[in-house]
Amino acid sequence: MSRSLMIVGTASHVGKSILVTALCRILYQDGVHAAPFKSQNMALNSYVCRDGSEIGRAQAAQAEAAGIEPEGDMNPILLKPTSDRRIQVVLHGRVHGTMTAAEYYEQKSFFFEESLRSFNRLASKFDVILLEGAGSAVEVNLKDRDIVNLPFAKAVGSRALLVADIDRGGVFASVAGTFALLDEEERGIVRGFIINRFRGDLSLFKGGPEFLEKHTGRPCFGVLPYIESLRIDQEDSVGLDDRRAQAGSFRAGVIRLPHISNYTDFNALECVPGVAVEFLSEPAANQLVDMVIIPGTKNTIGDMRWLIDHGFRKLLLDTLERGGWVLGICGGYQMLGRQVSDPFNAEDGGTADGLRLLPVDTELELTKVTVRSKGTSFLGPVVAGYEIHMGRTVQLEPVDAFLTKEDGCADGAVLGHIAGTYFHGLFDNPDFTAKFLTMVAEDRKLEWRPSAFHHSKDDEYGRLAAVVREHLDVKRIYELVG
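## What to know about the overall build of the protein chain
Scanning the protein chain from terminus to terminus reveals 14 helices and 26 strands. Sequence separation of at least 24 residues holds for 73% of the intrachain contacts in the protein chain that already meet a minimum separation of 6. Accessible surface computed for the protein chain: about 19,300 Å², of which carbon and sulfur atoms make up 49%.

Structural data, given as structure tokens:
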């Protein structure tokens, strides 16, 4: 059986995923065969494994950092909210069903056992398993239903470290309070803590770790600095709150839908010099963008209504009138059509008129497509990406395909300056990105043209690992793992 270590947090979005990613890369650099694991992940950023299994995007990034191929057992349960009350449950990479939270928790024992099966399969193949918790480690109202934090660590015999985000404020209360709410058995599992995202002069935090060590009875394993512009895939849209658009002559607006999914599609686009990518929650008056992107969503009809109610239709039409482009990806592509219907209640049910910018209709289905794909785009360059969708879109009039896949099937549609596709990961293809941005810039009569750019996930994993090695007691962490 593998040795293991769990990273739990004082709250959501404190750095658990990033820290596991860093430790995966450090172990990989040191020649240790390690794998990430998160038993239950609630996220709309997902990834398609080679066998078609769907897992959380963060676990895929962690596997990449560990130098291994992502697989379904790394995230046996993926919860994808379709509305405020219902979630799609993906079990072992495949859709298990859509249910309420209460219905899900009624089956806690079943899902716990399924997660253990996945963990044990991984543990039989790898030297070290790095587990990630979820939310806070001490959600007392959910403790009897927790299958991802300390109850799981206890079940597999793993020790744990607690991470807290000082940039959010209240780090003393959050760390001391978390330890105060642990029972004796849990205190034996959590062997120390890490302070994350400290900005500025570390001398200003002098005495802070010692204060917390005194009040928790556990050692501080280090204080990590705030890392600027770290381009590592995040698991949910909370990460967008930290995004700041860089200055640029080419302006791309991505509509931040309520159920936005796979916004990691735009990480590479943000790395193109001169491109300013802004996530738009509201259309500002007289907003000028060269391209508007409607991204993926887990609730196409609901988010389309939100988009229209918030006045984004005018932004789309204004952009087209000025010679700009509108691009829809996955659910965004479905919205661009004439109608979206949900006869099987795959999401919320019902039928709604689309934006009527492309001559296509979409019917949502219960069968989910999860596949890696490759094809030749309408501009010529080959595009490699992946598809995750539950809809079938048909053309009502002849239009050009966005791309032709290797199997000869057409994907998406292009009409004038409007394009839609089911392909995620478009901008991870440099040749396509350069040609597409050049086309938009020419149509907008901009002087700007894309220059050569470099977006390497591997470089980012290395940069993250170097910071963690410098500021954490890695030797002590190795001892903790065993």
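Back to the write-up after that little detour.
## What to know about the environment of Thr297
In this fold, Thr297 is placed in strand β17 (residues 296-297). Its relative accessible area of 9% is what places Thr297 among the buried residues. Distance in space between the C-alpha atoms of Thr297 and Asp459 is 29 Å, their sequence separation being 162 residues. Setting aside its immediate chain neighbours within four residues, Thr297 contacts Leu257, His259, Ile260, Ser261, Asp303, Gly331 and Met335. Among the polar contacts made by the side chain of Thr297, one reaches the main-chain carbonyl oxygen of His259 at a distance of 3.4 Å.

## What to know about the pattern of salt bridges
This structure, assessed with the given rule, holds 30 salt bridges. For Arg117, the salt bridge identified is with Glu114, shortest N-O distance 2.8 Å. Placement of the pair is Arg117 and Glu114 together in helix α4 (residues 108-123), with a separation of 3 residues, close to one helical turn. As a salt-bridge pair, Arg199 and Asp167 come within 2.8 Å of each other at their nearest N and O atoms. Pair noted here: Arg199 is in the loop between β11 (190-198) and α8 (208-216) and Asp167 is in the loop between β10 (159-165) and α6 (171-180), with a separation of 32 residues, a long-range link. In this structure Arg199 comes out as partly exposed when scored by relative accessible area, which is 44%. The class of Asp167 is partly exposed, set by a relative accessible area of 32%. Here the salt bridges do not stand alone but share partners, grouping Asp165, Asp167, Arg197, Arg199 and Glu228 into one network.

## Digging into the nonpolar core
Ranked by internal contacts, the top residues of the largest apolar core, which has 80 residues, are Leu5, Tyr104, Val175 and Ile195. Sorting elements by how many residues they give to this core places helix α1 (residues 16-29) first, with 8 residues. Beyond its immediate chain neighbours, meaning those up to four positions away, Ile195 contacts Ala164, Ile166, Val171, Val175, Phe205, Leu212, Gly222, Val223 and Leu224.

## Here's the deal with unusual backbone geometry
In this structure, His13 takes a positive phi of about 60 degrees despite not being glycine. Note that His13 resides in the loop between β1 (3-9) and α1. Positive phi, normally seen in glycine, also occurs at Arg356, with a value near 60 degrees. Position of Arg356 among the secondary structure elements: in the loop between β20 (350-353) and β21 (360-377). Given the relative accessible area of 53%, Arg356 is considered exposed.

Calculation criteria
- Residues numbered from 1 in each chain as written.
- Predicted model: local features only at pLDDT ≥ 70, side-chain atom pairs only at ≥ 80, totals over all residues.
- Heavy atoms only, no water.
- Helix = DSSP H or I, 4+ residues; strand = E, 2+ residues; numbered from the N terminus.
- Contact = heavy atoms within 4.5 Å.
- Areas by Shrake-Rupley, 256 points an atom, 1.4 Å probe, with all protein chains shown as cover.
- Buried < 20%, exposed > 50% of the residue type's maximum accessible area, 1.4 Å probe, protein only.
- Polar contact = N/O pair within 3.5 Å; in protein donor to acceptor, adjacent residues only side chain to side chain.
- Salt bridge = Lys/Arg side-chain N within 4 Å of Asp/Glu carboxyl O.
- Core = buried A, V, L, I, M, F, W, Y, C linked by side-chain atoms within 4.5 Å.

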